[in-house]
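Residues per chain, in single letters:
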Amino acid sequence: AHGVSVKEVRKVAGLWAVVRPSPLARRVTSNTPMTISGPAAGHALMKTSYTDENGTPAGDPTGMNVRGTVNNCAHGHTPWGTYLTCEENWNGNFGTVLPFTANGIERRYGVSATGAGYRWYEADPRWDVRKNPNETNRFGWVVEIDPWNPNSVPVKRTALGRFKHEGAWVVVGADNSVAIYLGDDERNEYIYKFVCSAKFNPTNRAANRNLLDSGTLYVAKFNSDLTGRWIPLVWNQNGLTAANGFASQGEVVIKARMAGDRVGATMMDRPEWIAVHPVTREAYIRLTNNN
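These numbers come from a predicted model, not from an experiment.

Trainee: I would appreciate a short explanation of the sheet that holds strand β16 (residues 191-196) in the present structure.
Mentor: Whether parallel or antiparallel, the strands of a sheet pair through hydrogen bonds between backbone atoms. Taken in spatial order, the 5 strands line up as β13-β14-β16-β17-β18 in an open sheet, and their pairing is antiparallel. Where the open sheet ends on each side, the last strands, each with one partner, are β13 (165-172) and β18 (228-232). Within the sheet, the average angular offset between the axes of one strand and its neighbour, ignoring direction, is 25°. One ladder, built from 5 bridges, connects strand β17 (residues 215-222) with β18; its direction is antiparallel. Counted as the bridge partner of Ala 220 is Trp 230 from β18.

Take a look at the structure:
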């Protein structure tokens with residue numbers, strides 16, 4: 001039951017109604033086939049091989065494909081007409097029936113033996129973090145869905161970083177440059193933004209298809225005098241080196257929280273919703289809780 005519903009609504013005689021049937025209607029669930037794009041695609045930490053609940057060899061040895069999206073929180077929408085769903089507390093879907101001691105990356109992302117009590121791992125080894133340890137790395141992403149094409153395959157856009165995404169808010173500048181603001185919704189986590197390398201093409205929708213695959217991910221550093229700066233999370237910069245546990249840009253985005261730790265980002269009081277003023281371009285960020 002986790003995932004996203006695509007519905008068509010239409011105003012008829014002054015009232016909104018869901019169109020049934022609609023060729024656009026579909027469900028995107030925890031089993032829907034998706035592709036992985038961006039720096040983490042094909043990375044060793046994204047590859048899986050296990051035996052499924054029927055005893056059949058399964059997994060994704062290429063690290064390029066994944067099944068499903070879970071624990072979807074807020075959203076984003078792009079000016080080229082796609083929907084961005086954000087995987088938030090995905091760690092709660094995992095657990096294990098085997099002895100468990102968390103490694104560094106599991107500990108940093110809150111993976112535990114029992115998860116949030118969903119008990120999926122008791123029925124399907126895909127969610128057992130010890131039988132299939134890399135599956136957790138394939139969640140925590142922003143997923144782009146094209147609601148206008150029911151045959152399109154959703155894409156996990158890994159360039160935007162892996163954490164507990166509250167939402168993804170897209171802003172287009174006067175020169176058609178594109179920025180996406182992102183919050184990691186947990187106590188003492190960070191605020192991020194992603195700036196696309198290419199610019200939005202308002203006259204050619206297809207030209208924007210992979211705009212979210214290339215660009216720079218930044219994390220926010222705030223100072224006590226109310227100044228601050230965006231620190232780029234770029235491999236081989238700001239201590240994000242192989243010696244410090246980041247062997248590639250793929251590893252930087254998979255370990256985005258740890259990359260934020262390394263560069264000295266500012267811990268925040270649960271960064272949730274972000275809104276950008278359409279005229280001034282000021283970004284407003286709601287921080288909701290920290291005891």
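Trainee: Looking at this structure, how should I read the nonpolar core?
Mentor: The nonpolar side chains of soluble globular proteins are, as a tendency, buried together. Membership of the largest hydrophobic core comes to 51 residues, with the highest contact counts inside it found for Leu 160, Ile 180, Leu 182, Tyr 192, Val 219 and Leu 233. With near-sequence residues (within four places) excluded, Val 219 lies in contact with Tyr 190, Ile 191, Tyr 192, Arg 229, Trp 230, Ile 231, Leu 233, Gly 260, Val 263 and Ala 265. Formed by 6 residues, the second largest nonpolar core is a distinct cluster that contains Trp 169, Val 171, Tyr 181 and Ile 274.

Trainee: For this particular structure, what's the right way to read the side chain of Glu 106?
Mentor: Note on placement: Glu 106 falls in helix α1 (residues 104-108). Assessed through its relative accessible area of 3%, Glu 106 is described here as buried. A distance of 2.9 Å separates the side chain of Glu 106 from the side chain of Arg 130, its partner in a polar contact. When sequence neighbours within four positions are dropped, the list of residues in contact with Glu 106 reads Phe 100, Thr 101, Val 111, Val 129 and Arg 130.

Trainee: Which parts of the structure should I look at to understand the sheet that holds strand β10 (residues 83-87)?
Mentor: Overall, mixed pairing links the 6 strands, which are arranged β8-β5-β12-β11-β10-β9 in an open sheet. Edge strands, defined here as strands with exactly one partner in the open sheet, are β8 (65-67) and β9 (72-77). Strand after strand, the sheet turns through a mean of 35° between neighbouring axes, direction not considered. Direction of pairing for β10 relative to strand β11 (residues 142-145): antiparallel, over a ladder of 4 bridges. What sits directly across from Tyr 83, in β11, is Ile 145.

Reading the values: the criteria
Residues numbered from 1 in each chain as written. Predicted model: local features only at pLDDT ≥ 70, side-chain atom pairs only at ≥ 80, totals over all residues. Heavy atoms only, no water. Pairing = 2+ DSSP bridges. Helix = DSSP H or I, 4+ residues; strand = E, 2+ residues; numbered from the N terminus. Axes fitted to C-alpha atoms, helices over the stretch in contact; angles between N-to-C directions. Core = buried A, V, L, I, M, F, W, Y, C linked by side-chain atoms within 4.5 Å. Buried < 20%, exposed > 50% of the residue type's maximum accessible area, 1.4 Å probe, protein only. Contact = heavy atoms within 4.5 Å. Polar contact = N/O pair within 3.5 Å; in protein donor to acceptor, adjacent residues only side chain to side chain.

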